[in-house]
Amino acid sequence: MVNQVINLKERTEQKPAEPLPAAFLEWFAYDREPRPKKEYWFLWPGAIALILMVFSIFARSYFFLAFVLFAFIVFMFYATREPRKYRFAVKQEGFFIDEKLYPFSQLKSFWVFDTPRMKELSLETSKILFPYLHIPLGSVNSAELKETLKPFLSEKEHPLFLTDQIVKRLGL
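Quantities reported herein were computed from a predicted structural model and do not represent experimental measurements. Residue numbers restart at each chain and count upward from 1, following the sequence in its written direction. Note on the predicted model: pLDDT of at least 70 is required for a residue's local features to be given, and 80 or more for side-chain atom pairs to be given and counted; whole-chain, interface and lining totals, by contrast, use all residues. As a convention, hydrogens and water are excluded, and side-chain values are obtained from all of the structure's heavy atoms.

In this analysis, rings of Phe, Tyr and Trp, with Trp reduced to its six-membered ring, are considered paired at centre separations within 6.5 Å, and the interplanar angle assigns stacked below 30 degrees, edge-to-face beyond 60, and tilted for intermediate values. On inspection of all chains with the given rule, the structure shows seven aromatic pairs. Through a chain of ring-to-ring contacts, the aromatic side chains of Trp-27, Tyr-86, Phe-88 and Phe-95 assemble into a single cluster. Over the face of the ring belonging to Phe-96 we find Lys-91, whose NZ or CZ atom lies 4.9 Å from the ring centre. For a ring to carry a charge above it, either NZ of a lysine or CZ of an arginine must fall within 6 Å of the ring centroid while also lying within 35 degrees of the normal to the ring plane. The ring centre of Tyr-102 lies 5.0 Å from the NZ or CZ of Lys-100, which sits over that ring.

Numbering of helices and strands runs from the N terminus; a helix is a DSSP stretch of H or I covering at least four residues, while a strand is a stretch of E covering at least two. By secondary structure assignment, the location of Met-118 is in the loop between β5 (107-114) and β6 (119-125). Distance from Met-118 to Glu-33, taken between C-alpha atoms, is 9.8 Å for residues 85 residues apart in sequence.

Turning to the side chain of Glu-120, a few remarks are in order. Within the element layout of this structure, Glu-120 appears in strand β6. For this analysis, a polar contact is any N or O atom pair within 3.5 Å, provided that within protein one partner can donate a hydrogen and the other can accept it, and provided that sequence-adjacent residues contribute only side-chain to side-chain pairs. Side-chain polar atoms of Glu-120 contact the side chain of His-134, separated by 3.2 Å.

Right, let's talk about the sheet that holds β5 for a bit. Strand pairing requires that DSSP identify at least two bridges connecting the strands. Read across the open sheet, the four strands follow the order β7-β6-β5-β8; overall the sheet is mixed. The sheet is open, and its two borders are formed by β7 (132-136) and β8 (154-155), each paired with just one other strand. Judged from the five bridges that link them, β6 and β7 form a sheet pairing that is antiparallel. Residue pairing across strands places Glu-124 opposite Tyr-132, the latter belonging to β7.

The term salt bridge refers to a side-chain nitrogen of Lys or Arg lying within 4 Å of a carboxyl oxygen of Asp or Glu. Counted under the stated rule, the structure contains eight salt bridges. In this structure, Arg-84 and Asp-98 form a salt bridge, with 3.1 Å as the shortest nitrogen-oxygen distance. Taken together, the residues span a long stretch of sequence, with Arg-84 in the loop between α2 (62-80) and β2 (85-90) and Asp-98 in the loop between β3 (94-97) and β4 (100-103) at a distance of 14 residues. A relative accessible area of 22% means that Asp-98 is categorised as partly exposed. Lys-146 is paired through a salt bridge with Glu-155; the nearest N and O atoms lie 3.8 Å apart. Among the residues examined, Lys-146 registers a relative accessible area of 26% and is labelled partly exposed. Taken together, the shared-partner salt bridges in this structure form one network comprising Lys-146, Glu-147, Lys-150 and Glu-155. A 1.4 Å probe rolled over the protein chains alone gives each residue an accessible area, and that area as a share of the maximum for its type sets the label: buried under 20%, exposed over 50%, partly exposed in between.

Quick look at the structure:
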């Protein structure tokens, strides 16, 4: 067997990177609708957490007490954070959220919720734990979005879960 020596110092010519294909459709939107919360808004979660903590003390369930306290802290951090702005794009390779690619081969179908209270794109993925991605439409035209996605995905009505409705109602 002949051993070949590879000279790592020698530079090989690299081809210039091919430019990414242009997006069929691109838009920017916040992950949730930015709306200010008034002071009294925080009273309800605080009151519920306080009642549950008092109940857990009387029941001598200190694990539940720790859970309620932890859940309240996480809830408050999430509720007080500012909405984040994302870039969404439909390209030949798939659907992009910022730089993260969701290939069309991993997506099953789409549905557009276009009501006065909610403008969202729902993508059904092949994942078991989180089967649906909900993407805010921002100012993009929903009819144009549908026509852009139809060559790649089938349009199928997706369910709107109770948890999604509660989160939207609370403004989280």
